[in-house]
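Chain residues, written in single-letter form:
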Amino acid sequence: MIPGMARAATTTDAFNAVAEPRRRQILDLLAGGERSVGDLVERLGLSQPLVSKHLRVLREVGLVQVRDEGRQRLYRLDARPLQSIADWVRPFERAMSERFDLMDTVIQELKAHEEDENNGDDDALGEGHAPD
């Protein structure tokens, strides 16, 4: 951070909201369907006030929607704000994919070299030949 520059509020956008690991855990759980605060508390092993605080941040950036069902509030994921993150990550995915492709090529070359060496060892030991 640049000295003297104000830090952006956590609730300004999806990037800041998902920077916190516990909020990502909540999103992971909500990706599986609607959940109550109590269910999230139980699954995360966190206090109810802490889970509610994180849900508030996620709601403020639009990543989570809530509906009342009787006395219970149910939360669900709204992935639309994640599109800006996906758009930003896309060029890096291409770079990572190229590196993985290169790694696959190197691995195949190493395997081929290893097979060549192993076949040479078999011949040197006389394996595969009929006894005299």
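Residues numbered from 1 in each chain as written. Predicted model: local features only at pLDDT ≥ 70, side-chain atom pairs only at ≥ 80, totals over all residues. Heavy atoms only, no water.

Right, let's talk about the nonpolar core for a bit. Nonpolar side chains in soluble globular proteins generally cluster together in the buried interior. Counting 21 residues, the largest nonpolar core has I26, L40, V51, L55 and L63 as the members making the most contacts within it. For this core, the elements supplying multiple residues, two or more each, are α1 (14–17), α2 (21–30), α3 (37–44) and α4 (48–60). (Core = buried A, V, L, I, M, F, W, Y, C linked by side-chain atoms within 4.5 Å. Buried < 20%, exposed > 50% of the residue type's maximum accessible area, 1.4 Å probe, protein only. Helix = DSSP H or I, 4+ residues; strand = E, 2+ residues; numbered from the N terminus.)

Our next topic: the pattern of salt bridges. Using the criterion set out here, one finds 9 salt bridges in the structure. Where D78 meets R80, a salt bridge forms, and the shortest distance between an N and an O atom there is 2.6 Å. Salt bridges sharing common partners tie together E34, R67, E69 and R76. (Salt bridge = Lys/Arg side-chain N within 4 Å of Asp/Glu carboxyl O.)

Okay, the packing of α3 against α4 next. Contact geometry of α3 with α4 gives a least axis separation of 9 Å together with a crossing angle of 115°. By the angle between their directions, the pair α3 and α4 is classed as roughly perpendicular. Crossing hand, α3 versus α4: right-handed. Two secondary-structure elements touch here, α3 through V37, L40, V41 and L44 and α4 through Q48, V51, S52 and L55. Looking at the contact of α3 with α4 residue by residue, the class counts come to 6 nonpolar, 2 polar and no charged. (Axes fitted to C-alpha atoms, helices over the stretch in contact; angles between N-to-C directions. Parallel < 35°, antiparallel > 145°, perpendicular 65-115°, else oblique. Left-handed = near helix turned anticlockwise from the far one by under 90°. Contact = heavy atoms within 4.5 Å. Nonpolar A, V, L, I, M, F, W, Y, C, P; charged D, E, K, R; others polar.)

All right, on to the side chain of R35 then. Tracing the sequence through the fold places R35 in strand β1 (residues 35–36). Only 3.1 Å separates the side chain of R35 from the backbone oxygen of L29, close enough to count as a polar contact. In terms of polar contacts, R35 uses its side chain to reach the side chain of D39, at 2.7 Å. Setting aside its immediate chain neighbours within four residues, R35 contacts L29, L30, L40, R43, R73, L74 and Y75. (Polar contact = N/O pair within 3.5 Å; in protein donor to acceptor, adjacent residues only side chain to side chain.)

Right, let's get into the packing of aromatic side chains. Under the defined criterion, the tally for this structure stands at 2 aromatic pairs. Here F15 and W88 contribute two aromatic rings whose centre-to-centre distance is 6.0 Å and whose plane-to-plane angle is 85°, an arrangement assigned as edge-to-face. One end of the pair, F15, is in helix α1; the other, W88, is in helix α5 (residues 83–124), and 73 residues separate them in sequence. Exposure remark for F15: the relative accessible area of 32% places this residue in the partly exposed category. Arranged with centres 5.0 Å apart and planes meeting at 50°, the rings of W88 and F92 form a pair that is tilted. Of this pair, W88 and F92 both sit in helix α5, 4 residues apart, roughly one helical turn. (Phe/Tyr/Trp six-rings, centres within 6.5 Å; stacked < 30°, edge-to-face > 60°.)

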